[in-house]
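Listed here are the chains, written in short residue letters.
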Amino acid sequence: MKKSLLFLALLGLVLTFSACGDDEPGINHDRDLVMEVKALTHAASNNGTQEPTITLTDVNKFTVHQKTLTMDFALKATIGGQEHSFNINGVPVQQTEGSYRFNFNQAQTTDAAVTNLKGMVDFSDPMGIFQYDWNGYHVCVTIPDVFFEQVRLNFKYSDGVTSQYNDSWFTLKVAAQKADFIIDQIEIAHDYMKSGDEYKRTGQYLKSITGKDVKMQPTAQGFNLSAEQIETIAITGTDIKTDYYPIYNLNTNVNLVNGTIASTFVLKHVLERSNNEQKTPTKWEDIAVTANGKIFRDKMFN
């Protein structure tokens, strides 16, 4: 995953303050690791009697005891409009080799009301992605920048030609009732590009496409993003910013229970605009896109 300097600095602080007096250089895999992360909490009643909710202010604390490979949780969750606290200790974890990623799957916990606690915490990013059941609710927790790092894009061009790209990232930066919609790495194999006085089909690689403030609606298992039109900023492979790739008819469903995303939209490549102040598109290529993906790759380092 993409690790910012801020995340690395946070990890350094975590390791420093959890060293318990051990000043030797290098990484000590026996020391405790402690981390707090602000989270997106999705809560849905199992019987569907209440509308699902999403909150963005819950803070969760994790302590991993590396000697025993167990983790303690201090969880905060807003459920049914009320903030709840859960202290869970001694959950067995598995550590991904060569990393600070810990996985867990615990049917029963020391807090008897919390069951089916399963997921992952990564101290090097830092983040937690997990879920559990409590008192008739299913609760999913992730970071507010919900990401999918293995997304397959299928393109259908206006002349019926199709292509596929299998290595995109989707990031949804969730806020109150809206989200930013970001695609990293997108290769349009049959895009129109200008050559002299005419447009010819050729490949186009975009480092990213970003659309702001898309409508977000909680669903029973996650949330949905929808928009008739999104003005976007795209960055080409040569680092040029362009607004010539707006998105139309966006419908994106995020399933936090399964950790998957399914999206459809039309990528409208504007080829020419009018010369007036409105700069109205006068020629464009409509590219129908479907996308499916999941949070993690099959192999961590592929």
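The structure this text deals with has already been given above.
Residues numbered from 1 in each chain as written. Predicted model: local features only at pLDDT ≥ 70, side-chain atom pairs only at ≥ 80, totals over all residues. Heavy atoms only, no water.

1. Here we look at the overall build of the chain
Here is step 1 of the chain: From N to C terminus, the chain includes 1 helix and 19 strands.
Here is step 2 of the chain: In the chain, which comprises 302 residues, the share counted as buried stands at 46%.
Here is step 3 of the chain: Put simply, of all contacts in the chain between residues at least 6 apart along the chain, 49% involve residues at least 24 apart.
Here is step 4 of the chain: Per element, the accessible surface of the chain, about 15,300 Å² overall, is 49% carbon and sulfur. (Helix = DSSP H or I, 4+ residues; strand = E, 2+ residues; numbered from the N terminus. Buried < 20%, exposed > 50% of the residue type's maximum accessible area, 1.4 Å probe, protein only. Contact = heavy atoms within 4.5 Å. Areas by Shrake-Rupley, 256 points an atom, 1.4 Å probe, with all protein chains shown as cover.)

2. Overview of the pattern of salt bridges
Here is step 1 of the chain: Taken as a whole and assessed by the stated rule, the structure comprises 9 salt bridges.
Here is step 2 of the chain: Salt-bridge contacts for R201 lead to E285; the nearest nitrogen and oxygen are separated by 2.9 Å. Of the two residues, R201 is situated in strand β13 (residues 198-218) and E285 in strand β19 (residues 281-294); the sequence distance between them amounts to 84 residues.
Here is step 3 of the chain: Residue classification places E285 among the buried positions, given a relative accessible area of 2%.
Here is step 4 of the chain: The partner of K207 in a salt bridge is D239, with the nearest N and O atoms 2.5 Å apart. Here K207 is found in strand β13, whereas its partner D239 is found in the loop between β15 (232-236) and β16 (241-242), with 32 residues between them in sequence.
Here is step 5 of the chain: On the accessibility criterion, D239 (52% relative accessible area) is exposed.
Here is step 6 of the chain: Through salt bridges with shared partners, a single network forms among D159, R201 and E285. (Salt bridge = Lys/Arg side-chain N within 4 Å of Asp/Glu carboxyl O.)

3. As for the side chain of D180
Here is step 1 of the chain: Summarising the element assignment, D180 is placed in strand β12 (residues 178-195).
Here is step 2 of the chain: Exposure remark for D180: the relative accessible area of 14% places this residue in the buried category.
Here is step 3 of the chain: Among the polar contacts listed, one links the side chain of D180 to the backbone nitrogen of D213, at a separation of 3.1 Å.
Here is step 4 of the chain: Every residue in contact with D180, bar those within four places of it in the chain, is listed here: T171, L172, K173, G211, K212 and D213. (Polar contact = N/O pair within 3.5 Å; in protein donor to acceptor, adjacent residues only side chain to side chain.)

4. Regarding the packing of aromatic side chains
Here is step 1 of the chain: Within the structure shown, the criterion is met by 13 aromatic pairs.
Here is step 2 of the chain: Here F62 and F130 contribute two aromatic rings whose centre-to-centre distance is 5.8 Å and whose plane-to-plane angle is 90°, an arrangement assigned as edge-to-face. In this pair, F62 is assigned in strand β2 (residues 53-65) and F130 in strand β8 (residues 127-134), connecting sequence segments 68 residues apart. Across the pair, F130 and F62 agree in class, each one buried.
Here is step 3 of the chain: Across the ring face of Y192, the terminal group of R201 is positioned such that the distance to the ring centre comes to 4.1 Å. (Phe/Tyr/Trp six-rings, centres within 6.5 Å; stacked < 30°, edge-to-face > 60°. Lys NZ or Arg CZ within 6 Å of the ring centre and 35° of its normal.)

All quantities given are derived from atomic positions and should not be read as evidence of function.
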